[in-house]
Amino acid sequence: MNLHEFQARELFGRYGIPFVAGEVAETPAAVRAIAERLAGPVVVKAQVHSGGRGKAGGVKVARDAADAAAHAARIFSLTIQGLPVRRVLVVPAVDIASECYLGVIIDRAAQRPVVIASAAGGVDIEEVAARTPDRIHRVTVDPRYGLLPHQAMALAFRLYDDLAKVRAAAEIARQLYAAFTGLGASLAEINPLAMTTDGRVVALDAKLVVDDNELPARPDIAALRDSSAEAPSEQRARDAGLSFIQLKGTVGCCVNGAGLAMATMDLVKFYGGEPANFLDIGGSSNPQKVVDALEIITADPAVRAILFNIFGGITRCDDVANGIVEATGRLSLTVPLVIRLTGTNEEAAIEILTRAGFSALTDMDQAVERAVALASR
Ligand code: GDP
Ligand code: MN
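Predicted model, so just to flag it, every value in this text is computed and none were measured.

*Asks:* Help me understand unusual backbone geometry, please; the structure alone is not making it clear to me.
*Replies:* For residues besides glycine, phi is generally negative; the peptide bonds are generally trans as well. In this structure, proline 192 follows asparagine 191 across a cis peptide bond, with omega equal to 10°. By the element assignment, proline 192 lies in strand E10 (residues 185–196). The phi dihedral of glutamine 111 falls on the positive side, at around 60°, and the residue is not glycine. With respect to the element layout, glutamine 111 can be found in the loop between strand E7 (96–107) and strand E8 (112–118).

Here you go:
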């Protein structure tokens with residue numbers, strides 16, 4: 001689950017990370033009022049679930065309240081990576097001497113959290129990582145011990161020369177690691193971690209992604225979800241109890257089981273196609289799930305063919321077949337359907353589908369190859 005910057009700031013703040021306090025507004029008039037109260041230059045920042053807001057014009061420094069309102073009006077009219085700006089954060093501006101990067105993610109190869117730091121922080125961090133990877137420093141953390149003081153210091157020495165600032169940055173790295181584990185995050189990031197012209201080290205941005213599996217244990221964080229800022233397809237899938245991730249390809253995938261769904265996506269790519277989504281209808285036998293899944297997949301205009309890949313174990317193939325017949329009767333499908341089912345009640349399923357005018361395959365390669373061919377016509 002993605003959080004907004006203003007939410008991440010509040011949560012990181014609980015771990016002691018120093019931020020300049022700001023306020024959220026939904027109109028230019030409200031921005032003006034906040035800026036007047038803060039008296040002095042402010043930064044107006046679009047609150048959308050996307051990085052790169054600065055480059056998209058969504059972060060602007062304003063010299064006074066009138067300027068802040070004018071910037072806000074422009075920012076509210078922006079769409080950043082397809083997301084409309086409904087809210088902005090207004091914070092007192094600081095004078096920046098240098099921008100560093102500090103982040104914690106999971107290193108899947110090492111199967112451990114890794115803390116990343118770079119003195120070349122700011123809006124160009126992706127280019128720094130791509131062009132000069134030697135400027136990005138990493139420390140792998142043993143989760144049993146957490147980020148150790150000497151590890152935090154070693155990273156902080158990559159950011160600053162002055163010992164007081166090294167100590168401040170090391171403390172923030174430890175706080176960020178504590179926030180990462182405490183909040184059940186899959187990503188916790190401060191970019192930029194700024195040194196101000198008067199020598200303070202402060203966090204100017206906060207990015208937090210919480211692992212969905214950690215949410216049931218953290219209802220207070222789960223309650224922060226802003227559905228209006230998420231892709232409508234993912235919202236609908238969550239309401240329907242489906243595991244769904246929107247992707248950019250043309251082959252809609254409807255699969256039972258996360259492992260088979262991953263294997264299906266691999267095979268789609270192997271045969272030269274691109275999956276339009278990850279979708280796991282789960283292991284239950286509920287035709288309604290199939291109906292919901294088809295509705296969500298067909299709502300994506302990029303989908304050129306739909307591939308069902310069902311391995312009947314606990315899931316009964318005849319239930320899925322009934323769901324397909326029911327859903328296609330309700331929706332007017334404009335894209336071809338390729339159905340592969342095998343396992344529990346396979347014969348009954350094929351009979352149901354044949355009666356309804358569909359053909360069903362039992363071979364996975366054959367089905368995927370056909371779906372890719374149909375999607376690329
Ligand atoms: P992002 O582009 O979505 O990561 O948004 P950020 O919050 O990181 O802001 C982008 C850039 O705006 C930063 O890298 C800074 O260069 C600049 N910026 C943010 N806050 C301030 C501030 O208080 N003062 C100044 N002068 N620049 C700021
Ligand atoms: Mn940033």
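*Asks:* Help me out: how do you make sense of the site of ligand 1 in this one?
*Replies:* Around ligand 1, 17 residues are found, and the nearest of them are Lys45, Arg53, Gly54, Val94 and Glu99. The separation between a nitrogen atom of ligand 1 and a polar main-chain atom of valine 94 is 2.8 Å. At 3.0 Å from an oxygen atom of ligand 1 is found a main-chain nitrogen or oxygen belonging to asparagine 191. The fraction of the free accessible surface of ligand 1 (560 Å²) that becomes covered by protein chains is 83%. Only strand E2 (42–46), strand E3 (59–62), E7 and E10 provide two or more residues apiece to the shell around ligand 1. Tallied by class, the residues present in the shell around ligand 1 amount to 9 nonpolar, 4 polar and 4 charged. When residues of the shell around ligand 1 are sorted by domain, at least three fall in each of domain 1 (21–92) and domain 2 (96–222).

*Asks:* Help me out: how do you make sense of the domain arrangement of the protein in this one?
*Replies:* Interface extent is often summarised as the accessible area lost during association of the parts. When the domains of the protein are assigned, the result is domain 1 (21–92), domain 2 (96–222) and domain 3 (231–375). Centre-to-centre separation of domain 1 and domain 3, based on C-alpha positions: 43 Å.

*Asks:* Is there a simple way to explain the coordination of the manganese ion (ligand 2) in this structure?
*Replies:* Put simply, the ideal angle at a metal is 109.5 degrees for four donors in tetrahedral geometry and 90 or 180 degrees for six donors in octahedral geometry. Protein coordination at the manganese ion (ligand 2) comes from Asn191 (O) and Asp205 (OD), with a distance range of 2.2 Å. Of the two residues, asparagine 191 sits in strand E10 while aspartate 205 sits in the loop between strand E11 (201–203) and strand E12 (207–210), which places them 14 residues apart along the sequence. Accessibility assignment for this pair places asparagine 191 and aspartate 205 in one class, buried.

*Asks:* Explain the pairing of E10 to me, please; I cannot follow it from the model alone.
*Replies:* One face of the sheet, then the other: side chains in a regular strand alternate in exactly this way. Within E10, 11 of the 12 residues are buried, which leaves it mostly tucked inside the rest of the structure. One ladder, built from 8 bridges, connects E7 with E10; its direction is antiparallel. Its bridge partner being in E10, glycine 103 is matched across the sheet by glutamate 189. Pairing of E10 with E12 involves 4 bridges; the strand directions are antiparallel. For alanine 185, the partnering residue across the bridge sits in E12 and is valine 210. Pairing geometry for E10 and E11, over 3 bridges, is antiparallel. If you follow alanine 194 over to E11, its bridge partner there is valine 202.

*Asks:* So what exactly am I meant to see when it comes to the layout of surface pockets here?
*Replies:* Roughly 1,400 Å³ of volume is contained in the largest pocket. Going through the elements one at a time, E12, helix H8 (232–239), strand E13 (243–246) and helix H9 (258–270) are the ones with two or more residues in the lining of the largest pocket. Looking at the lining of the largest pocket, its residues break down into 15 nonpolar, 10 polar and 9 charged. Roughly 1,000 Å³ of volume is contained in the second largest pocket. Around the second largest pocket, the lining comprises 47 residues; the ones closest to its centre are Arg53, Val123, Asn191, Pro192 and Asp205.

*Asks:* Would you mind going over the packing of helix H10 (residues 287–298) against helix H11 (residues 317–330) with me for this structure?
*Replies:* For the pair H10 and H11, interaxial distance at closest approach is 8 Å and the crossing angle is 45°. Taken together, the axes of H10 and H11 lie oblique to each other. Crossing of H10 against H11: the hand is right-handed. Across the interface between the two elements, Pro287, Gln288, Val290, Val291, Leu294 and Glu295 from H10 touch Asp319, Val320, Gly323, Ile324, Glu326, Ala327, Thr328 and Arg330 from H11.

*Asks:* I keep staring at the state of the cysteines and nothing clicks. Help me out?
*Replies:* Chemically, a disulfide is nothing more than a covalent bond linking the sulfur atoms of two cysteines. Summed over all chains, the structure comprises 0 disulfides. No disulfide involves cysteine 253; its sulfur sits 8.9 Å from that of cysteine 254, the nearest cysteine. A residue is classified by how much of its surface remains accessible, and cysteine 253, at 2% relative accessible area, is buried.

Reading the values: the criteria
Residues numbered from 1 in each chain as written. Chains lettered and ligands numbered in written order. Predicted model: local features only at pLDDT ≥ 70, side-chain atom pairs only at ≥ 80, totals over all residues. Heavy atoms only, no water. Helix = DSSP H or I, 4+ residues; strand = E, 2+ residues; numbered from the N terminus. Near = heavy atom within 4 Å. Polar contact = N/O pair within 3.5 Å; in protein donor to acceptor, adjacent residues only side chain to side chain. Areas by Shrake-Rupley, 256 points an atom, 1.4 Å probe, with all protein chains shown as cover. Nonpolar A, V, L, I, M, F, W, Y, C, P; charged D, E, K, R; others polar. Domains from an automatic or database assignment. Donors = N, O, S within 2.8 Å, 3.2 Å for Na, K, Ca; no water. Buried < 20%, exposed > 50% of the residue type's maximum accessible area, 1.4 Å probe, protein only. Pairing = 2+ DSSP bridges. 1 Å grid on protein atoms, 1.4 Å probe; cavity = no way out; pocket = protein on both sides within 12 Å on 5 of 7 lines; lining within 4 Å. Points joined across faces, edges and corners; volume = space filled by probe spheres on them. Axes fitted to C-alpha atoms, helices over the stretch in contact; angles between N-to-C directions. Parallel < 35°, antiparallel > 145°, perpendicular 65-115°, else oblique. Left-handed = near helix turned anticlockwise from the far one by under 90°. Contact = heavy atoms within 4.5 Å. Disulfide = S-S within 2.5 Å.

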